[in-house]
Amino acid sequence: MKKLCAIGEALIDFIPEKKGQRLKDVVRFKRVAGGAPANVAASVARLGGKAKFITQLGNDAFGDHIMEVFQNVGLDTSDIMRTNDADTALAFVSLASDGNRDFLFYRRDCADKNLKPEDVKEDALKDCGILHFCSVDLVESPMKESHKKLINMALSQNVLVSFDPNVRLNLWDSEENCRNAILEFLPYADIIKISDEELEFISGYTNIEDALDFFFKDRCQYLIYTMGKDGAAMYRKDGSKVMAGGYKVNVFDTTGAGDSFIGAFLYQLLANDCMDLTKVSANQLESFLMFANLYAAHTTTKEGAIDAMATMEELTAFKNEVINQ
């Protein structure tokens, strides 16, 4: 089984001990390791796959904690840099009573944004089948250039490229700059995952069917469209479509749900050696989507991001519970 390689931000999420409060009213927080691309890599590792993560952390206690969490879930951390010149990023997350979130980030000059292209090793993608990234670290920075270097390496080495824009507008100085960065990187992706809440912002269309030509005009082979509890749809460049329904669960925390979804889907591609996306059957893709929906549903029943990612054994037990309800 080939590895997943993910690049981007790793940070500490501070989650309120008590839900249903505005961020200004929260008194106590719990520390958990997270960051969208890190969550994706961690979900692959937790499921028993092979995954590595490329980022930079500060030489501080928070960076130490993140490294310990990564190593405990089985992530390859050999390409993670440490620096004394910048701090590990932080995020404070307020959870509404329905499990949805409000973010406040402390990452204006954080360690991950300062990862230089020369720090990306020439053999970084050795034994890797898929490269995954998101948009948070595509702000103008050394890290953006590091993404470009790694993506070009992936294209030259026949490594699949997966992109989940994971829009976080409060991390950008303007909506226009965020959208422009996403549009700059979309052409390089073989797999694009977007949510129903992101569709219009990214494509300008309100209906996914109307947006297909927009997403498929370049490399993209798979467009995965997630709809929360309503499941997911996957559109292929050949015009076919696969659907999978969602699962009704008691939502505790939606942090990392989308990341766990795409992580579980990419895990299935790797585990089943589906590196030629044109040859994967509709039945396989439907089962992969169902698996990803189940994995994401499980994630929402737990607190935190990486801490909420299930092992295969935990997911099997959860599936039995859901079926028997």
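Here, the structure is the one placed above.
Just so you know, these numbers come straight off a predicted model, no measurement behind them.

Cut-offs and rules
- Residues numbered from 1 in each chain as written.
- Predicted model: local features only at pLDDT ≥ 70, side-chain atom pairs only at ≥ 80, totals over all residues.
- Heavy atoms only, no water.
- Helix = DSSP H or I, 4+ residues; strand = E, 2+ residues; numbered from the N terminus.
- Rg over C-alpha atoms; globule rule 2.2 N^0.38 Å.
- Buried < 20%, exposed > 50% of the residue type's maximum accessible area, 1.4 Å probe, protein only.
- Contact = heavy atoms within 4.5 Å.
- Areas by Shrake-Rupley, 256 points an atom, 1.4 Å probe, with all protein chains shown as cover.
- Salt bridge = Lys/Arg side-chain N within 4 Å of Asp/Glu carboxyl O.
- Phe/Tyr/Trp six-rings, centres within 6.5 Å; stacked < 30°, edge-to-face > 60°.
- Axes fitted to C-alpha atoms, helices over the stretch in contact; angles between N-to-C directions.
- Left-handed = near helix turned anticlockwise from the far one by under 90°.
- Nonpolar A, V, L, I, M, F, W, Y, C, P; charged D, E, K, R; others polar.

A. How the structure looks around the overall build of the chain. A tally of helices and strands in the chain yields nine helices and 14 strands. Radius of gyration (C-alpha) of the chain: 18 Å, near the 20 Å computed for a compact globule of 325 residues. Its C-alpha atoms give the chain principal-axis dimensions of about 50 × 50 × 40 Å. Across the 325 residues that make up the chain, the buried fraction comes to 58%. For the chain, long-range pairs separated by at least 24 residues make up 72% of all intrachain contacts whose partners lie at least 6 apart in sequence. Carbon and sulfur atoms provide 44% of the accessible area of the chain, an area that totals close to 14,000 Å².

B. Summary view of the pattern of salt bridges. Going through the model one piece at a time under the given rule, you end up with 19 salt bridges. Between Lys 3 and Asp 76 there is a salt bridge; the shortest N-O distance is 2.9 Å. Linking Lys 3 in strand S1 (residues 3-7) with Asp 76 in the loop between helix H2 (61-72) and strand S6 (81-83), this pair joins segments that are 73 residues apart in sequence. Here Lys 3 and Asp 76 have matching classes, each one buried. Linking Lys 149 and Glu 122 is a salt bridge whose minimum nitrogen-to-oxygen distance equals 3.1 Å.

C. View of unusual backbone geometry. Located in the positive-phi region is Asp 127, a residue other than glycine, with phi close to 65°. Within the secondary structure layout, Asp 127 lies in the loop between strand S8 (101-106) and strand S9 (128-133). In the Ramachandran plot, Asn 166 falls in the positive-phi region, its phi being about 50° despite a non-glycine side chain. Mapped onto the elements of the fold, Asn 166 is located in the loop between strand S10 (160-163) and helix H4 (175-185). Residue classification places Asn 166 among the buried residues on the basis of a relative accessible area of 9%.

D. Inspection of the packing of aromatic side chains at higher detail. For the structure shown, the criterion picks out 12 aromatic pairs. With centroids separated by 4.9 Å and ring planes inclined at 15°, the aromatic side chains of Phe 14 and Phe 92 adopt a geometry described as stacked. Placement of Phe 14 in strand S2 (residues 11-16) and of Phe 92 in strand S7 (residues 89-95) is noted, with a sequence separation of 78 residues between them. Judged by relative accessible area, which is 14%, Phe 14 ranks as buried. Here the aromatic rings of Phe 29 and Phe 92 are separated by 5.2 Å at their centres, their planes lie at 80°, and the arrangement is edge-to-face.

E. Focus on the packing of helix H7 (residues 257-271) against helix H8 (residues 282-300). In contact at an axis separation of 8 Å, H7 and H8 are set at 145° when each is read in the N-to-C sense. The handedness of the crossing between H7 and H8 comes out as right-handed. Contacts from Ala 257, Ser 260, Phe 261, Ala 264, Phe 265, Tyr 267, Gln 268 and Leu 269 of H7 reach H8 at Leu 285, Phe 288, Leu 289, Phe 291, Ala 292, Asn 293, Tyr 295, Ala 296, Thr 299 and Thr 300. A breakdown of the residues in the contact of H7 with H8 according to their chemical character gives 13 nonpolar, five polar and no charged.

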